[in-house]
Structure formats: C-alpha cells, structure tokens
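Take a look at the letters that make up each chain.
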Amino acid sequence: MAADGGLVDVIGGIDPAGFDHTPGGTGGGPADSTRSSGSPKDTDCRSTSTTPARRVPRLSPTSPSEPEPPGLHGRVTASHAFAVAELSCQAVDSAADLLAEADIALTTAALSATTVLPFRRLAQRGVRVGLGSDGVRNNWSPFGNADMLHRAWLLGRALDASLDEDLEPCFELAADGGAAVMGLPRVDLQPGSPADFMLRDGECVPADRRRLPRRDTVVRAGRVVARDGRLL
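Notes on the structure in this doc start here. Small disclaimer: the values here were computed from a predicted structure and weren't measured.

What counts, and where the lines are drawn
Numbering of residues starts from 1 in every chain and runs along the sequence as written. In keeping with the model being predicted, local features are shown solely for residues with a pLDDT of at least 70 and side-chain atom pairs are shown and tallied solely at 80 or more, while totals for entire chains, interfaces and linings include all residues. Where side-chain values are given, they derive from all heavy atoms of the structure, hydrogens and water being excluded. The numbering of helices and of strands both runs from the N terminus, where a helix is a DSSP run of H or I of at least 4 residues and a strand a run of E of at least 2. Only protein chains enter the accessibility calculation, which uses a 1.4 Å probe; a residue is then buried when its area is under 20% of its type maximum, exposed when over 50%, and partly exposed in between. The protein chains shown are the only cover counted for residues, whose accessible areas, like all others here, come from Shrake-Rupley with a 1.4 Å probe. Nonpolar cores are built from buried Ala, Val, Leu, Ile, Met, Phe, Trp, Tyr and Cys residues. Side-chain atoms within 4.5 Å join them into one set. By the convention used here, residues are in contact when the closest approach between their heavy atoms is within 4.5 Å. Any carboxyl oxygen of Asp or Glu within 4 Å of a side-chain nitrogen of Lys or Arg constitutes a salt bridge here. A fitted line through C-alpha atoms represents every axis, and for helices the fit uses only the stretch in contact; the resulting angles, taken between N-to-C directions, go from 0 to 180 degrees. Crossing handedness is defined as follows: a turn of the near helix away from the far one that is anticlockwise and smaller than a right angle gives a left-handed crossing, while the clockwise case is right-handed. The span expected for a helix works out to 1.5 Å for each residue beyond the first.

1. As for the overall build of the protein chain
Assigned secondary structure in the protein chain consists of 8 helices and 9 strands. Expressed as a percentage of the 232 residues in the protein chain, the buried residues total 40%. For the protein chain, the accessible area works out to roughly 13400 Å², and carbon and sulfur atoms hold 53% of it.

Here is the structure:
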C-alpha cells in the first residue's frame, strides 16, 4: 500500500530460496509491489543453485506475458547474486546477456574469493555492477564499517590481486560501480563532474590499494568539509 501511494523510494526483499529454502517462495513479495507501483527493487540473492542461470530471469519484475511497469526498466538490483559467481565463463556470458537486456544491476560485497562476482566480465557485456559494504555491524556481520576504500582493499585481497591491472578495477568498482547502479553521475574530475570527492596522498591507485585506508581530505560541492577525519 505504501509503495502504491509513492511513499517509499526503494522496495527491498530477500530471495525466498535462500531465506526459507522454498525456490518458488510463498508469494511475489517485492516483485508484486513493483508491478503495481513501479518503485525500484533491490533483492538480496544469497542462495546458490545447481542451475543458477535459470534464476536470473526471475529477478525481472515482469514476465513475457505481462507489460513492464512504467519507469521500472533499469531500476532492479540483485545484491550478492552468489549463484552468478558460481557460473562457468560460458554460463556467465549467457546470464549477463539476460541481465543486460533487462538492465538488472548486480552488487557484490567481497565476502570471499568464491562469492565475488566476475564484475569485469559482466561489465564487458553491459551489466552494471557495484561494490557494497554489506552489513554495517548488524545481524549479518559485526565487521562492516561502511568504508568503501576499505571494501576495495578487501576485494583486492579476496581476489589475491597483485598486479596493477588487477588492483585498479577493484578501486574503480568501489569508486564508480555504486554510482552506476544507483543512476548517479560519475565523479572523475572532468569539467561538469560533481565536486564531491575524497583526496588521498598516494603514488598511484595500485600502490594505494595495497595499504589500509586512512582518513584524508573530503571535498563536497567544491568545498573542503573534512580533513584527517575531522569536520571543518
């Protein structure tokens, strides 16, 4: 009812197969709400499957026989998507084509080497992928701190990244992936880019990714608002 009245920004849900071990679920949940309201949908997909590629189309808010709700295309996100991380290269390509066609975004959280999405391969086929902090000291995990630079460090470590060409994509996923998933502009210091960024002392991106993050200078709307972890 709240979604139908336009009172919520995003509808979240949990994949029923991973939550109560019933692949079909007991109802549409977020999908039913998005069909009627057009609100963006974010579904937590932690389950794995022997045929995970079949699960990809189920994330779409519509079926071939149903009209697409106005404005919903490109506003569906699957968090974690562990089943996609299990796919072979060929199966990833097939799943990526389905995701790209429906413009369904994915997010990964660098929990372990086996659960990290093949984000570069997915991106090459047009899938928007972001890096998330996952739980922030909640019932899922007590270790989250909402620091995306630290999450990029964890991603590089989980993937055993050591070369520059492996470390730079980890940073880019943290810096730009989330913005792409949420439809926000990229911040890249080009003319017209939002003046909202963090300045760090470092030799280069790969060298910076090898060390644990520390607080530096934060710039918002062209103005320095914090330095060394203190508001100015």
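2. Some details on the nonpolar core
Core analysis: the biggest nonpolar cluster contains 26 residues, and L106, L117, L122, V127, V129 and L155 have the highest contact counts within it. At the level of secondary structure, the elements contributing two or more residues to this core comprise β3 (76-79), α3 (82-85), α4 (89-102), β4 (104-108), α5 (119-124), β5 (129-131), α6 (148-158) and α7 (164-182). Counting residues per element, this core draws most heavily on α4, which supplies 4 residues. Apart from residues no more than four positions distant in its own chain, L117 is found in contact with H80, A81, V84, A85, L106, T107, T108, L122 and V129.

3. Examining the pattern of salt bridges
Side chains carrying opposite charge are able to pair once their charged atoms draw close together. Taken as a whole and assessed by the stated rule, the structure comprises 7 salt bridges. When the shortest N-O distance is used, the salt bridge between D166 and R120 registers 3.3 Å. Remark: R120 occurs in helix α5 and D166 occurs in helix α7; sequence separation between them is 46 residues. Notably, a salt bridge pairs D188 with R186, separated by 3.9 Å at the nearest N-O pair.

4. Topic: the packing of α6 against α7
Put simply, α6 and α7 touch, their axes get as near as 9 Å, and they point 145° apart. Two packed elements cross with a definite hand, and for α6 against α7 that hand is right-handed. Side by side, α6 and α7 meet where M148, L149, A152, L155 and G156 of the first sit next to C170, F171, L173 and A174 of the second.

5. Some remarks on the environment of Q124
Turning to its location among the elements, Q124 is positioned in helix α5. With a relative accessible area of 68%, Q124 lands in the exposed category. Taking C-alpha positions, Q124 is 9.5 Å from D93, a pair spaced 31 residues apart along the chain.

6. Quick notes on unusual backbone geometry
Trans peptide bonds make up the majority, and among non-glycine residues the majority have a negative phi. A positive phi angle, close to 55°, is found at D103, a residue other than glycine. Along the chain, D103 turns up in the loop between α4 and β4. Even without a glycine there, the phi angle at A110 is positive, about 55°. Tracing the backbone shows A110 in the loop between β4 and α5.

7. Things to note about α4
For α4, which comprises 14 residues, the first-to-last C-alpha distance of 20 Å matches the rise-based estimate of 20 Å (1.5 Å per residue) to within 8%. Listing the buried residues of α4 in full gives V92, D93, A95, A96 and L99. In this structure, the buried side of α4 is in contact with α3, β4 and α5. Remark: D103 follows α4 within two positions and exhibits a positive phi of approximately 55°.

Geometric descriptors of this kind do not, in isolation, establish any biological role.
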